[in-house]
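Listed below, chain by chain, are the residues.
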Amino acid sequence: MRARRQWSLLLLALLLTLTLVPWQAARAQQTGPAAGRDQVVIGMSQEPDFLNPMFAEMAAAVAVLDTIFVSDIERDNTWKLFAQGVEAIPNLKDGTWKLDGDRMTLVWKIKPRNWSDGRPVTCADFVFTHNVARNEQVPVIVRDLTNRISNIVCTKGASGTDITVNWKERYAYANLTITEYGALPRHVLEKYYRANPSKLNEAPYGNDPAITIGDGAYKLVEWRKGASMTVEAVPNHKLFGTPKIRRITWRFIPDTNALVANMLSGAIDAIGTIGITFDQAVQLERQAAGRFKVFFEEGLIWEHIDFMLDNPLLADVRVRRAIAHGINREQMVQQLFGGKQPVSHSYLPTKHPGYPRGDQGVTKYPYDPARARALLQEAGFSPGPDGVMRNAQGQRLSFELNTTAGNRVREQVEQIIQQNLREIGIEIKIQNYPARVYFGEITNRRKFPGLAMYAWVMSPTSDCDQLYTSDGIPNEGNGWAGQNYPGYKNAEMDRLCKAASREVDEAKRNQLLNQTVQLFSRDIPALPLYIRASVAAAKPGLQGFTAVQLSGTYETWNAHRWFWQ
């Protein structure tokens, strides 16, 4: 499976700007009766772009690919790693992961299995796919891992299952995938690649069910563009046996109100995590109690506010801490989300392996207006005639707060923040932008003058390199590359983040990340707000289905184990 960028902007503006309407008034699509007992119909608000992992960029595609392909290493719904397509996860203790200065060698053995046309999966398929990804004529999504790999060797021949991967440099997560895109069927793809590498993304593989084969528990049998997609169980699969659910169909329903209406009418059996909004999940739980099971799982989407540290007023950490103490975040999450999206305290969520256990060493900022006023006084501010704090130079504590226009939840958060901060003498002026403008010009070019609210989508392997290191500050000189939008500079943070991204020992890496979390919470270059929950819904009889959204692992990770009860 394709490795994902460690951090990506949350561009779910369409989902977030939809206005709720009474579900009773929403007309269900003419989707026919509910599935039988050996079938599952899932509603999804997006349609995959490709089903060739080298070109698939959408989360909707990954959710389907999880059923068609075997992952080398997979995560379960508790985020625990397990070897799915390989015999074992390489590690330093048994010598299957060896270090040689900055270089590394990892030894893998894949589990014997076949493509869905009956041909065996071999080392040659991995080598072919890696070589295709290396070819810069091929428009793959990313080459991050590919470019770090020196070469791949089939140690027992091209038709064997033993693979040695030599790396040019140290990479902390090298044992989570054999190569960037795993194995694709060479016997199917090679003729398209040889014909024109630059047009490989236009080949029928990944679009046409007749030739889009994988090695997973299911095979693609139908893709009705704009309507639905169906996979069918591979009988007697060497890794998964014969799944009890014979067919899985995804119905693409972009209007999330219609998606809910289809659930209420019984036309679909489940809504995946690429589906309804948090608000709709709450309403579904309230209005259809007992008819459906609604899942709320702590996720990896971090909602926060960046402070523009080039602003002299916000460069003072006492002002940033005062703002944190002045906002009642706990009341906010209770009022808006019923407490199901918890307050966050640093840049990593509590379930991330790099977050300190028991919040050890993490500086928290509980709602405390008195403490906020004291910090502002310490920083040289006193109330002006209009109630707004100002310093000895007469500068008023007034900031602009920006976010995506039309996002109802964020607009509610803005109102709470504006009211809370007014009570401690800080003026907030709200200025929002369309998502295209906000993410395309305001945040990544650091044009926000004060506070910028948005979310990061993380993975369990996310760290702080480039996100909060000084070389990650976008500027004209580096072509606006990097994701450190606040402009945070701290030499110790630089050292820890760089070391963590190269540390191959997981325990040591987590210790380094622990320190970055603690340092971040102390310096607070961005104000953590809350961690979004992953939401999904299913009929109560569907067993094994739950909400999973881990930037590479979705609810279909265990579809071969689902069954009706």
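No experiment lies behind these values; they were computed from the predicted model shown.

A. Representation of the sheet that holds strand S5 (residues 97–100) in the model. Read across the sheet, 4 strands follow the order S5-S6-S8-S7 without closing on themselves; strand pairing throughout is antiparallel. Edge positions in the sheet fall to S5 and strand S7 (149–154), since each has one partner strand and no second. Averaged over all adjacent pairs, the angle separating strand axes in this sheet is 15°, with direction ignored. Bridge count between S5 and strand S6 (residues 103–109): 4 bridges; the pairing is antiparallel. If you follow Trp97 over to S6, its bridge partner there is Leu106. Where helix H3 (residues 123–134) meets the sheet, it contacts S7 and strand S8 (162–167), and its direction lies at approximately 155° from that of S7.

B. Fine view of the packing of aromatic side chains. According to the stated counting rule, one finds 19 aromatic pairs in the structure shown. Between the aromatic rings of Tyr454 and Trp456, the centroid separation amounts to 5.5 Å while the plane-to-plane angle is 75°, which identifies the pairing as edge-to-face. An identical accessibility class is assigned to Tyr454 and Trp456; each is buried. Through successive ring pairs, a cluster of aromatic residues spans Tyr438, Phe439, Tyr454, Trp456 and Tyr485. Lying over the aromatic face of Phe563, Lys244 brings its terminal NZ or CZ to 5.1 Å of the ring centre. Lys340 extends its terminal NZ or CZ atom over the ring of Phe296, reaching a point 4.2 Å from the ring centre.

C. Structural detail: the state of the cysteines. All chains considered together, the criterion is met by 2 disulfides. Put simply, Cys123 and Cys154 are joined by a disulfide, and their sulfur atoms are 2.0 Å apart. Taking the sign of the S-S torsion, about -90° here, the bridge from Cys123 to Cys154 comes out left-handed. Here Cys154 lies in strand S7 and Cys123 lies in helix H3, a separation of 31 residues in the sequence. The disulfide partner of Cys464 is Cys497, and the gap between their sulfur atoms is 2.1 Å.

D. Structural view of the pattern of salt bridges. Tallied over the entire structure, the rule returns 23 salt bridges. Note that Asp359 and Lys364 form a salt bridge whose closest N and O atoms lie 2.5 Å from each other. Of the charged contacts, one joins Arg522 and Asp523 as a salt bridge, the two residues approaching to 3.0 Å between their closest N and O atoms. A cluster of three or more residues bridged by salt bridges with shared partners is formed by Asp386, Arg390, Arg396 and Glu427.

E. Expanded view of the environment of Val413. Relative to the helices and strands, Val413 resides in helix H11 (residues 408–422). By relative accessible area, Val413 is classed as buried at 1%. Distance from Val413 to Met332, taken between C-alpha atoms, is 7.4 Å for residues 81 residues apart in sequence. Setting aside residues up to four positions removed in sequence, Val413 forms contacts with Met332, Leu336, Met453, Leu529 and Tyr530.

F. Inspection of the confidence of the model for the protein chain at higher detail. When pLDDT is averaged across the protein chain, the result is 90; 93% of the residues are at 70 or more. pLDDT under 50 marks residues 1–34. Its contacts with residues more than four places away, or in other chains, come to 103 contacts.

G. Quick look at the pairing of strand S2 (residues 39–44). The buried fraction of S2 is high, at 5 of 6 residues. As judged from the 6 bridges shared by S2 and strand S11 (residues 247–252), these two strands associate in the parallel manner. Residue pairing in the sheet places Gly43 in a bridge with Arg251 of S11. As paired strands, S2 and strand S12 (residues 270–271) are joined by 2 bridges and run parallel to one another. Bridging from a neighbouring strand, Ile42 pairs with Ala270 of S12.

H. Summary view of the side chain of Asp215. Within the secondary structure, Asp215 sits in the loop between helix H4 (186–195) and strand S9 (218–224). Residue class for Asp215 comes out buried when judged on its relative accessible area of 3%. Polar contacts involving the side chain of Asp215 include one to the side chain of Arg113, which spans 2.8 Å.

I. Up close: the nonpolar core. Counting residues in hydrophobic clusters, the biggest one holds 95 residues, and the most contacted among them are Tyr347, Phe399 and Tyr468. In terms of residue count, strand S19 (residues 526–538) provides more of this core than any other element does, 8 residues in total. What Tyr468 contacts, discounting residues up to four positions off in sequence, is Trp302, Asp306, Tyr347, Trp456, Asn484, Pro486, Tyr488, Met493, Asp494, Phe520 and Ala526. Formed by 79 residues, the second largest nonpolar core is a distinct cluster that contains Ile149, Ala203, Ala233 and Phe252.

J. How the structure looks around the environment of Met493. On the secondary structure map, Met493 appears in helix H13 (residues 491–502). Residue classification places Met493 among the buried residues on the basis of a relative accessible area of 0%. It is 26 Å that separates the C-alpha atoms of Met493 and Glu378, two residues lying 115 residues apart in sequence. When neighbours within four sequence positions are excluded, Met493 is seen to be in contact with Tyr347, Cys464, Tyr468, Thr469, Tyr488, Thr516, Leu519 and Phe520.

So, how was this worked out
Residues numbered from 1 in each chain as written. Predicted model: local features only at pLDDT ≥ 70, side-chain atom pairs only at ≥ 80, totals over all residues. Heavy atoms only, no water. Pairing = 2+ DSSP bridges. Helix = DSSP H or I, 4+ residues; strand = E, 2+ residues; numbered from the N terminus. Axes fitted to C-alpha atoms, helices over the stretch in contact; angles between N-to-C directions. Contact = heavy atoms within 4.5 Å. Phe/Tyr/Trp six-rings, centres within 6.5 Å; stacked < 30°, edge-to-face > 60°. Buried < 20%, exposed > 50% of the residue type's maximum accessible area, 1.4 Å probe, protein only. Lys NZ or Arg CZ within 6 Å of the ring centre and 35° of its normal. Disulfide = S-S within 2.5 Å. Salt bridge = Lys/Arg side-chain N within 4 Å of Asp/Glu carboxyl O. pLDDT = per-residue confidence, 0-100. Polar contact = N/O pair within 3.5 Å; in protein donor to acceptor, adjacent residues only side chain to side chain. Core = buried A, V, L, I, M, F, W, Y, C linked by side-chain atoms within 4.5 Å.

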